[in-house]
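# Structural description and commentary
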Amino acid sequence: MRNKRSYWLFLLPSLLGVAFFYIVPFIYSFCYAVIDNMTSWEFVGLRHFEETLCNPLFLQAAGNTVLFVCICVPLSMGLALLLALCLKGLKRCRPLATLVLLVPLVVPSGSIVSFWNTLFSSNGLVMKMLLQAGFSHEAVSPSDWSMAALVVIFLWKNVSYNIVLFWSGLNWIPKTYYEQMALEGAGVFRQFANVTWVYLAPTTFVVLLMSIVNSFKVFKEVYMLYGSYPSPEIYMLQHYMNNQFAAMNMQKLSAAAYIMFLVIGLLLLAVFYAQKRVTDSFQ
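## Quick look at the overall build of the protein chain
Within the protein chain, the regular secondary structure consists of 13 helices and 0 strands. Counting helices and strands in the order they occur from the N terminus, the protein chain gives α-α-α-α-α-α-α-α-α-α-α-α-α. Considered along the principal axes of its C-alpha atoms, the protein chain spans approximately 75 × 75 × 35 Å. Within the protein chain, the fraction of its 283 residues that count as buried is 35%. For the protein chain, the share of sequence-separated contacts (at least 6 apart) that also reach a separation of at least 24 residues comes to 67%. Looking at the protein chain, you have 17 positive and 11 negative side-chain charges, and the mean spots of the two groups are 19 Å apart.

Structure (structure tokens):
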């Protein structure tokens, strides 16, 4: 009992901080979502939710965000797993390769954006090289490949983190399983399918969750590159919500926040359910 009280005593400052800065504002913001304005506080029910779901800007931002997530999450996971397997198979220069792959983890976002802006801006190095190669200004307009640039920036920034997670999962797989498969004549692909992929399933779900969460945190890079109102092709949900906050439209901002909370919550629940089904099937 005394140890239990000590645990709660040490957790109390963190719990108070989470409650004060996250839980209470999140609950209080629901009041904004169901009132007319902050002056009259007239109850309007779900009107702001309906207007948000019918807003063309919100729908466009949601579509761009879904497209970005569907592209970046599989690419980052697949590339990270491939690099982790290659890193594990290296016999020489492994420390140097590890250092090169993990450099993006320690580079600040401002430096990343400055570097990519030097390459992909309208006056960047890539634009000048394409123009010198004979392409027209219309063919190499930054708005035409801005989504691809964001995907590249996301991969460069987040693949390293996924490599660390996959590397940890790979090191937990006993080597005796691979030795047994080798004695049975199994090749590399069969060992991967029957050993690596099976025992890496829990780590894969963790990487999936983290990749989904990180894909919704790309706003900082997009904002520093293209500002508050980028081209329609890369107008994300974070832009919509940031612009509503700048306009002090707390009602629509709160409605959009709760819609995102419900969608992301349902998505994560589906991932947890799938993880449980897969884990149970292996037991």
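## Thoughts on the state of the cysteines
Working definition: the covalent bond between the sulfur atoms of two cysteines is a disulfide. In total, this model carries 0 disulfides according to the counting rule given. Lacking any disulfide linkage, Cys72 is separated from the closest cysteine sulfur, that of Cys70, by 9.8 Å. Cys72 sits in the buried class, given a relative accessible area of 0%.

## Looking at the packing of aromatic side chains
One pass over the structure, following the stated rule, counts 9 aromatic pairs. Geometrically, the ring pair formed by Phe20 and Phe21 is edge-to-face, given 4.9 Å between the ring centres and 90° between the ring planes. Three or more aromatic residues link up through ring pairs in this structure, and these residues are Phe26, Phe30, Tyr258 and Phe261. The ring of Trp167 has Lys88 sitting right over it, with the charged end atom 5.8 Å from the ring centre.

## Some remarks on the nonpolar core
Core analysis: the biggest nonpolar cluster contains 38 residues, and Phe68, Leu150 and Phe166 have the highest contact counts within it. For this core, the secondary structure elements donating two or more residues are α3 (56-89), α5 (109-120), α7 (146-171), α8 (175-183), α10 (201-215) and α11 (219-226). Element by element, the count of residues in this core is highest for α7, at 10 residues. Discounting residues that sit within four places of it in the chain, Leu150 has contacts with Phe68, Val222, Leu225, Tyr226, Ile234 and Met236. Membership of the second largest hydrophobic core comes to 18 residues, among which are Val34, Met250, Ala255 and Tyr258.

## Structural notes on a nonpolar patch on the surface
A cluster of nonpolar residues, Val18, Phe20, Phe21, Tyr22, Ile23, Phe26, Ile27, Phe261 and Leu262, forms a patch on the protein surface that exposes about 1000 Å² of accessible area. Secondary-structure elements contributing two or more residues to the nonpolar patch are α1 (2-33) and α13 (250-282). Here the element with the most residues in the nonpolar patch is α1; it accounts for 7 residues.

Quick notes on the rules
Residues numbered from 1 in each chain as written. Predicted model: local features only at pLDDT ≥ 70, side-chain atom pairs only at ≥ 80, totals over all residues. Heavy atoms only, no water. Helix = DSSP H or I, 4+ residues; strand = E, 2+ residues; numbered from the N terminus. Buried < 20%, exposed > 50% of the residue type's maximum accessible area, 1.4 Å probe, protein only. Contact = heavy atoms within 4.5 Å. Lys, Arg positive; Asp, Glu negative; His and termini not counted. Charge placed at Lys NZ, Arg CZ, Asp CG, Glu CD. Disulfide = S-S within 2.5 Å. Phe/Tyr/Trp six-rings, centres within 6.5 Å; stacked < 30°, edge-to-face > 60°. Lys NZ or Arg CZ within 6 Å of the ring centre and 35° of its normal. Core = buried A, V, L, I, M, F, W, Y, C linked by side-chain atoms within 4.5 Å. Patch = residues over 30% accessible without salt bridge, like charges linked within 9 Å, V, L, I, M, F, W, Y side chains within 5 Å. Areas by Shrake-Rupley, 256 points an atom, 1.4 Å probe, with all protein chains shown as cover. Salt bridge = Lys/Arg side-chain N within 4 Å of Asp/Glu carboxyl O.

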